[in-house]
Amino acid sequence: MAKPKPRHITLDGQPMVALTPREYAALLAMRRQLGALGSRLRVVRQTLKTTSDLLSALVDALEAEHLTGRGTAAEAGRPVTVLLSSAPDLLARAQRVAGKGRDRAGRRRRR
């Protein structure tokens, strides 16, 4: 099916494109979908930033523990056990935010 050619009109000296009610409804639906996707992307970005910060602190703490041979990392500012205890909750949140993955055929995986 070929795309319909846009209908250009001039209204009060301004060039515009005329839409049918069906095209306008589709445009509004697409706008709502894009807004929801943008919101979800912001949540994913924040979750990734939080995860990255935790992993960075964990790496610093593990390196300091390895260098000093202690159970805590003074340079990282937080004990390794505290960092490790917060990791499962963060991982679960990241998995919820990411949603279900897709298999190789592009279909959504069942949990």
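Anything mentioned here points back to the structure above.
Residues numbered from 1 in each chain as written. Predicted model: local features only at pLDDT ≥ 70, side-chain atom pairs only at ≥ 80, totals over all residues. Heavy atoms only, no water.

Student: Sorry, what's going on with the overall build of the protein chain here?
Tutor: Of the regular secondary structure elements, the protein chain holds two helices and two strands. In the protein chain, buried positions account for 10% of the 111 residues. By sequence separation, contacts in the protein chain at least 24 residues apart represent 31% of the contacts at least 6 residues apart. Accessible area for the protein chain stands at about 9600 Å²; split by element, carbon and sulfur atoms hold 58% of it. (Helix = DSSP H or I, 4+ residues; strand = E, 2+ residues; numbered from the N terminus. Buried < 20%, exposed > 50% of the residue type's maximum accessible area, 1.4 Å probe, protein only. Contact = heavy atoms within 4.5 Å. Areas by Shrake-Rupley, 256 points an atom, 1.4 Å probe, with all protein chains shown as cover.)

Student: Explain the pattern of salt bridges here, please?
Tutor: Opposite charge on two side chains allows them to pair when their charged atoms are near. For the structure on display, the rule yields two salt bridges. Where E23 meets R7, a salt bridge forms, and the shortest distance between an N and an O atom there is 2.9 Å. Residue E23 is found in helix α1 (residues 21–68), and its partner R7 is found in strand β1 (residues 7–11); the two are separated by 16 residues along the sequence. Note that D53 is salt-bridged to K49, the shortest N-O span being 3.3 Å. Highlighted residues: D53 and K49, both in helix α1, separated by four residues, approximately one helical turn. (Salt bridge = Lys/Arg side-chain N within 4 Å of Asp/Glu carboxyl O.)

Student: Quick question: what am I supposed to make of unusual backbone geometry here?
Tutor: Among all residues except glycine, the phi angle is most often negative; among peptide bonds, the trans geometry is most common. Of note, the phi angle at D12 is positive, near 55°, even though the residue is not glycine. With respect to the helices, strands and loops of the structure, D12 is situated in the loop between β1 and β2 (14–18).

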